[in-house]
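Listed here are the chains, written in short residue letters.
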Amino acid sequence: MNRAKPFCIAKREVWEAFKQVKANQGAAGIDGQSIEDFERDLSNNLYRIWNRMSSGSYLPPPVRRVDIPKGDSGKTRPLGIPAVADRIAQTVVKRYLEPILEPKFHKDSYGYRPGKSAHDALAVARQRCWQRDWVLDLDIESFFERIDWKLLMRAVRHHTDCQWVLLYIERWLKAPVSMPDGTLVSRERGTPQGSVISPVLANLFLHYAFDCWMQREHPDIPFERYADDGAPRWRGKESFYGHLKQPCCTRDEGRPLEAGLQGQASNHLKLLWPKAMVVSVKEKARRDRVR
């Protein structure tokens, strides 16, 4: 007699997740298994993922780290590449979580969201340039590496109490990283940039740390955000520097959960000031005409 699984996960969800992973392609993870290799024993491989996820015994393997060039700066950006099977498992969780979170996200958040793109963000930015002259072009320093797990899981639990979703997200956050020399490195914060689940989690963290915080503290300032890059906009120079002099975030004693998350999460973010730029759109347009 078959024993019931602790978690109710439909086999169809694993199959749909595989189709998405196959469509996205991607490199092999730490096990060296490509999508083509995975397909050679497709039925058994998919059953193994479903069986382990449904029973609560799925343990993600280490994430393979690769460093890719970061523009012309000579610096590199660390990417985490999960194994193919792990990408499928992450997609199962993403397919559950994303429809819950999407309606909550800010309309001016454009990164890694279905139906939104960088082109949409640029179109809105171009329109607002006619209305607001001053822009702070900001980037959050090492954002994916600095996400606080406790605050992130607090945000996830605020939106779902699904036990298997919470269980596997925590396991993915704590999965070690396999460095290029083969050593395994444990982590205490952050989520690998390059994994399937990371963009959803990153958007959730920034939803509270930036989007909701801006709405609460500066409701008169529109912005566009694409992942960890943002562009708040002001009408004039005096207004811009007046806002810069205000505290970066507020204390959250006695506030509801959303406000508490906003204040605490904002405290964990650090702007990359050498890269951040204050731009006067009109002045830049004038200089471009002179050239």
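Use the structure listed above.
None of the values given here were measured: they were computed from a predicted structure. (Residues numbered from 1 in each chain as written. Predicted model: local features only at pLDDT ≥ 70, side-chain atom pairs only at ≥ 80, totals over all residues. Heavy atoms only, no water.)

S.K.: Quick rundown of the packing of helix α3 (residues 42-55) against helix α4 (residues 84-101)? Include the residues and the values.
M.R.: Contact geometry for α3 and α4: axes closest at 10 Å, N-to-C directions at 50°. In terms of orientation, α3 and α4 fall into the oblique class. Between α3 and α4 lies a crossing whose hand is right-handed. Contact residues: L46, I49 and M53 in α3; A85, I88, A89, V92 and V93 in α4. Residue classes in the contact of α3 with α4 are distributed as 8 nonpolar, no polar and no charged. (Axes fitted to C-alpha atoms, helices over the stretch in contact; angles between N-to-C directions. Helix = DSSP H or I, 4+ residues; strand = E, 2+ residues; numbered from the N terminus. Parallel < 35°, antiparallel > 145°, perpendicular 65-115°, else oblique. Left-handed = near helix turned anticlockwise from the far one by under 90°. Contact = heavy atoms within 4.5 Å. Nonpolar A, V, L, I, M, F, W, Y, C, P; charged D, E, K, R; others polar.)

S.K.: Please give an account of the environment of T91 that cites residues and values.
M.R.: When you line up the elements, T91 lands in helix α4. When the C-alpha atoms of T91 and F18 are compared, they prove to be 8.0 Å apart, with 73 residues separating the residues in sequence. Aside from chain neighbours lying at most four places away, what touches T91 is A17, Q20, V21 and V196.

S.K.: For the pairing of strand β1 (residues 63-69), give the residues involved together with the corresponding values.
M.R.: Note: β1 against strand β4 (residues 177-178), 2 bridges, orientation parallel. Residue pairing for β4: V63 is matched across the bridge by V177. Where β1 and strand β2 (residues 76-81) come together, 6 bridges link them in antiparallel fashion. Across the sheet, the residue bridging to P69 is T76, located in β2. (Pairing = 2+ DSSP bridges.)

S.K.: How would you explain the nonpolar core if you had to name every residue and give the values?
M.R.: Of all hydrophobic cores here, the largest spans 59 residues; its most connected members are M53, I88, V93, W164 and I169. Examining the composition of this core, we find that 12 residues originate from one element, helix α9 (residues 198-217), more than from any other. Discounting chain neighbours no more than four positions away, the residues touching I88 are V14, A17, F18, V21, F38, L46 and I49. (Core = buried A, V, L, I, M, F, W, Y, C linked by side-chain atoms within 4.5 Å. Buried < 20%, exposed > 50% of the residue type's maximum accessible area, 1.4 Å probe, protein only.)

S.K.: So, the environment of S57: which residues are in play, and what are the values?
M.R.: Mapped onto the elements of the fold, S57 is located in the loop between α3 and β1. Among the residues examined, S57 registers a relative accessible area of 39% and is labelled partly exposed. Expressed as a C-alpha distance, the spacing of S57 and Y168, which sit 111 residues apart in the sequence, is 9.8 Å. Residues in contact with S57, not counting those within four places in the same chain, are R52, Y168 and R171.

S.K.: Give a detailed account of the packing of helix α7 (residues 149-159) against α9, specifying residues and quantitative values.
M.R.: Where α7 contacts α9, the two axes come as close as 10 Å, and the packing angle between them is 90°. As judged from the angle between their axes, α7 and α9 are roughly perpendicular. On α9, the residues touching L151, L152, A155, V156, H158 and H159 of α7 are L201, L204, F205 and Y208. Looking at the contact of α7 with α9, its residues break down into 8 nonpolar, 2 polar and no charged.

S.K.: Just give me the short version of the side chain of N45, but keep the residues and values in it.
M.R.: Its location among the elements puts N45 in helix α3. Since its relative accessible area comes to 10%, N45 is described here as buried. There is a polar contact of 2.8 Å between the side chain of N45 and the side chain of R48. Discounting chain neighbours no more than four positions away, the residues touching N45 are Q33 and F38. (Polar contact = N/O pair within 3.5 Å; in protein donor to acceptor, adjacent residues only side chain to side chain.)

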